[in-house]
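Overview (structure and organization)
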Amino acid sequence: MKKERPADTAASGPAPDQKKIITLLKRFSTLIGLFLISAVLALTSEHFLSAENFLNILLQNANIAILAIGMTMVIILGEIDLSVGGIEALGCVVAAWMMVYGGLGIISSIVIALIAGTLCGMISGFFVAYFRFHSFVSTLAMMGISRGLALIYTHGASIYGLPDSFRFIGQGSIGPIAVPVIIAAVVLLLGHLFLTQFRMGNHIYAVGGNIEAARLAGINVGRVKMIVLSISGFCGALAGVIMASRLNSGQGTIGEADLLDTIAAVIIGGTSLMGGVGTIPGTILGVLIIGVIRNGLNLLGVSSFWQMVAIGVIIICAVLVDEIRRRFQEKER
Amino acid sequence: MSDAPLVEMRNISKTFGAVKALQNVNFEVMPAEIVGLVGDNAAGKSTLMKILSGAYVADQGEIWMNGNKVHISNPVDSRNLGIEMLYQNFALAGNINIYQNIYLGRELTRNYLGGLFKILDKKMMADRSYELISRLKIDVHRVTKRVKELSGGQQQSVAIARVIAFNAQLIIMDEPTANLGIKEVGRLLDLIRRLKDQGISVIFISHRLDDIFSVGDRVIVLKRGKRIGMRQTKETTEKEVVRLIVGGEQEEEDS
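Overview of the overall build of chain B
Scanning chain B for helices and strands turns up eight helices and twelve strands. Each principal axis of the C-alpha distribution contributes one length, and for chain B these read about 60 × 40 × 40 Å. Taking all 255 residues of chain B together, the buried fraction comes to 44%. Once local pairs closer than 6 in sequence are excluded, the contacts in chain B between residues at least 24 apart make up 65%.

Dropping the structure here:
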């Protein structure tokens, strides 16, 4: 604040300069982590540090980024959404089915797929909000329902014969940048604005931080939960539509590994599972960390099994850094 | 003091499971009056006030305000009527900052694109919060500090800033002096007197009778969910009120 008094800087503790550096380190620890990992990979693999590879990393992780943006809001709220992978598959299949068998145009098929995903989220949100289900339970159920429906639609096979122009969404590019990356960037921007510039964003943090205080402040807590889970469902279906375009088909089996990557990215990005804490930019850094590690280890020829181990270790490191940061802050008081 | 009550609660009853928390309780507060609400633990003081603030809904009974019957079924209703409550645990969200807490649920926004988008007016909220906090003489330098980084006294100040920020007619304070030092209690009692001077009524739940006697106009005693007595503080003594709290029989008729 501009009205900061000089007395503030004279507070006890480390000297001002030192304090500033510590604050910066605390704030940007995820970013620093990303740079360190990138630096190591740049030194060990000659292919890592190229524009092409960078764009490739962005494309490979655009879907996880979209899922993670919805998931960030859910986790800030103190809830969880296990159904994103299932809704992704459902979105993929619904879009493809509408185009191939439903005789609908591209736009209307996409819209229907997005509505389907949003509805799935809204339904799990409804049970969380008005029947006091734990979101773990209602989204676990929705995970089965959405994936099951996707497989029923496709009879376990794939839907082929999508119109050629639909490919643009998943395979096209504007300039050097792939369309899924652009879509993810737009979702990122909207998600960030939503959380930081709108009343609802404020309410999400408040509900995640102290649900009773939020209720006493007149916030309709159930409504907030329903909206946020609907947003996460929307993000799932959007990722599914992009997958349909990238694969040129509707498949009920996609995105099975995406749930864990999504949660991992959100946590690495500094969002607390306890709720109330987290940002979209942080989550994007988390997505990039996972993406960069995957990519770098691929370039180095490390097996994907070891990649799983590496990501597990990173999760532990990220949460550990957060925990140390938190204790440090408490000491400072 | 005028004759017409600002707020009148009539025949309020509330049960939690098998527990009768309140039985046919009447309660009234006049304009610009400070009422102390006292009683032993589990007498029903907080429950009665939470009904007035909309945190609970009464099973039975009516609430009248300025001569009109009103319906308070949630905290928004109560706030819209100009009733604010300072909760004993402050009801603040520690993870968000001071001005966000003060304006929680009533955020100031600016319209964009003809009201299609309402964007938070953070600067306005921060500036006004800073003014409020300065008026309360709180030693908090930045309103962008997260509330969990504040001391207990500072947190209470934020909670107080929130209840006085919106032109309340009636402010309910639940045990506001319970966790304060002597100096801070004095400051709070001064504030309550100032609120009265501005025409605001205050209901003051407390165990500390000397606090109530130093600012209160009347004191109402609850016991086991019933109202058992009322005194003008000028016409009674702390001893008498203690006797009511501890051993009192119902001396007022059930209406």
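Overview of the interface of chain A and chain B
In many analyses, interface size is given as the accessible surface area lost on bringing the parts together. Taken together, the contact between chain A and chain B spans 23 residues of the former and 26 residues of the latter. Listed by contribution, the elements that provide at least two residues to the side of chain A that touches chain B are helix H10 (199–209) and helix H11 (211–216) of chain A. No other element matches H10(A), which puts five residues into the side of chain A that touches chain B. The residue makeup of the side of chain A that touches chain B, split by class, is ten nonpolar, six polar and seven charged.

Some points on the nonpolar core
By size, the foremost hydrophobic cluster in this structure holds 171 residues, and its most contacted members are A:Ile66, A:Ala95, A:Ala206, A:Val241, B:Ile203 and B:Phe204. Beyond its immediate chain neighbours, meaning those up to four positions away, A:Ala206 contacts A:Ala213, A:Ala214, A:Ala217, A:Ile219, B:Ala93, B:Ile96 and B:Leu104.

Points about the pairing of strand E7 (residues 109–112) of chain B
Residue and element names in this part refer to chain B. Note that E7 and strand E8 (residues 117–120) share four bridges and pair antiparallel. Counted as the bridge partner of Thr 109 is Leu 120 from E8. Hairpin connection from E7 to E8: four residues lie between these consecutive antiparallel strands, with Leu 113 at a positive phi of about 50°.

Section: the domain arrangement of chain B
Residue and element names in this part refer to chain B. Its domain assignment divides chain B into domain 1 (1–82 + 168–255) and domain 2 (93–166). Each of domain 1 and domain 2 was reduced to a C-alpha centroid, and the two centroids are 27 Å apart. Every contact between the two is made by five residues of domain 1 and, on the other side, five residues of domain 2. Partitioned by chemical class, the residues of the side of domain 1 that touches domain 2 number three nonpolar, one polar and one charged.

Regarding the packing of helix H5 (residues 84–100) of chain A against helix H7 (residues 135–154) of chain A
Residues and elements named next belong to chain A. The geometry of H5 relative to H7 is characterised by a closest axis approach of 8 Å and an angle of 30° between their N-to-C directions. Here H5 lies roughly parallel to H7, going by the angle between them. Seen from above, H5 lies across H7 with left-handed handedness. Across the interface between the two elements, Gly 85, Gly 86, Ile 87, Ala 89, Leu 90, Val 93 and Trp 97 from H5 touch Met 142, Met 143, Ser 146, Arg 147, Leu 149, Ala 150, Tyr 153 and Thr 154 from H7. Broken down by class, the residue content of the contact of H5 with H7 amounts to ten nonpolar, four polar and one charged.

Scoring rules and cut-offs
Residues numbered from 1 in each chain as written. Chains lettered and ligands numbered in written order. Predicted model: local features only at pLDDT ≥ 70, side-chain atom pairs only at ≥ 80, totals over all residues. Helix = DSSP H or I, 4+ residues; strand = E, 2+ residues; numbered from the N terminus. Buried ≥ 20, exposed ≤ 12 C-beta atoms within 10 Å, placed from the backbone. Contact = placed C-beta atoms within 7 Å. Nonpolar A, V, L, I, M, F, W, Y, C, P; charged D, E, K, R; others polar. Core = buried A, V, L, I, M, F, W, Y, C linked by C-beta atoms within 7 Å. Pairing = 2+ DSSP bridges. Domains from an automatic or database assignment. Axes fitted to C-alpha atoms, helices over the stretch in contact; angles between N-to-C directions. Parallel < 35°, antiparallel > 145°, perpendicular 65-115°, else oblique. Left-handed = near helix turned anticlockwise from the far one by under 90°.

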